[in-house]
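Each chain, letter by letter, is given below.
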Amino acid sequence: MRSGIGVRVLFIRGNVVGDVHIAHTAGPDRAMLVDLARRLAKKIDAVLAGNPEQVPALPLAANELRLSFRKAWENRNLGNRLWGDEGTSIAVQRGVGLPRELPAKQMAPKDYMVPLRHLVVLLAPKERVEVTTDQARVRLMGKMLVFKRGASQVEMDGETVQLSHPIQFKEGYALVALSFVEKALDQRIVWEKLGEMPLARIEAKLADAESSKPQ
């Protein structure tokens, strides 16, 4: 290991090279570095033994959410900030991508309130959610959606679609029930488990999938 701004652990385990490095302007935490290396070694051992650990849900990155690193760090416990003790996390997966972790609050056995901004990153990464005090707008799957504070429906290209729970606004975030992707976007949610975390797989409906197959 080397001292100074950065510190590094380089080790070989089986046929795998582990390289862990931490850098910080105030100086790195060596104990944290050793802990990270230990965790990495454990995962390597599991793979070498033929029992790889389950892929965890990856949190959304600051650039995906269009946040500064400082703001993203402040929001690392966003679920607890928004919902207190009722705040939790769920994994959401779109297609064959990695499961991503979203802050959430359970509203029903198979429905959770989530920040619209986070969900849009998974559904349409290039789109931007426009949020004012009482309204949020975003284009999804070619349609303009308008979410209004306290409303139990979403406006979609001038039409209204009923939602399972009213839309909420808090700390600049529009909060919507995840089930709206089924009700408004004609997608299908399959619920599974990722370890102890609920996992929602967002898929095209069976009819859509069948019709897209080559004849």
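Everything that follows concerns the structure shown earlier in this document.
Structure report, in brief. On a predicted model such as this, the values are computed, not experimentally measured, just so you know.

Section: the pattern of salt bridges
Moving on, step 1. This model, assessed by the stated rule, comprises 11 salt bridges.
Moving on, step 2. One salt bridge connects Arg-81 with Glu-171, and the closest N-O pair in it is separated by 2.4 Å. Of this pair, Arg-81 sits in helix 3 (residues 78–83) while Glu-171 sits in the loop between strand 12 (168–170) and strand 13 (173–177), and the two are 90 residues apart along the sequence.
Moving on, step 3. The class for Glu-171 is partly exposed, based on a relative accessible area of 43%.
Moving on, step 4. Between Asp-134 and Arg-149 there is a salt bridge, and its shortest N-O distance comes to 2.5 Å. Note that Asp-134 is positioned in the loop between strand 7 (130–131) and strand 8 (135–140) and Arg-149 in the loop between strand 9 (143–148) and strand 10 (153–156), a separation of 15 residues in sequence.
Moving on, step 5. Of the residues examined, Asp-134 reaches a relative accessible area of 41% and is grouped as partly exposed.

Some remarks on the packing of aromatic side chains
Ring pairs (aromatic) are described by centroid distance and by the angle formed between their planes.
Moving on, step 1. Here the structure, examined in full by the defined rule, presents two aromatic pairs.
Moving on, step 2. Ring geometry for Tyr-112 against Trp-191: centres 5.5 Å apart, planes inclined by 35°, an arrangement best described as tilted. In this pair, Tyr-112 is assigned in strand 6 (residues 111–115) and Trp-191 in strand 14 (residues 187–194), connecting sequence segments 79 residues apart.
Moving on, step 3. The exposure class of Tyr-112 is buried, given its relative accessible area of 6%.
Moving on, step 4. Ring geometry for Phe-147 versus Phe-180: centroids 5.4 Å apart, planes at 90°, classification edge-to-face. Of the two residues, Phe-147 sits in strand 9 while Phe-180 sits in helix 5 (residues 180–183), which places them 33 residues apart along the sequence. We note that Phe-147, like Phe-180, is buried.

Section: the pairing of strand 15 (residues 197–204)
Moving on, step 1. Where strand 4 (residues 87–94) lies against strand 15, four bridges are found, and the strand directions are parallel. From the neighbouring strand, Ala-91 faces strand 15, where its bridge partner is Leu-199.
Moving on, step 2. Sheet analysis places strand 14 next to strand 15, joined by eight bridges and oriented antiparallel. Along strand 15, the bridge assignment pairs Arg-188 with Glu-203.
Moving on, step 3. Between strand 14 and strand 15, which pair antiparallel and follow one another directly, the connecting turn spans two residues, one of which, Gly-195, has a positive phi of 65°.

Basis of the calculations
- Residues numbered from 1 in each chain as written.
- Predicted model: local features only at pLDDT ≥ 70, side-chain atom pairs only at ≥ 80, totals over all residues.
- Heavy atoms only, no water.
- Salt bridge = Lys/Arg side-chain N within 4 Å of Asp/Glu carboxyl O.
- Helix = DSSP H or I, 4+ residues; strand = E, 2+ residues; numbered from the N terminus.
- Buried < 20%, exposed > 50% of the residue type's maximum accessible area, 1.4 Å probe, protein only.
- Phe/Tyr/Trp six-rings, centres within 6.5 Å; stacked < 30°, edge-to-face > 60°.
- Pairing = 2+ DSSP bridges.

Shape descriptors only; they carry no functional weight alone.
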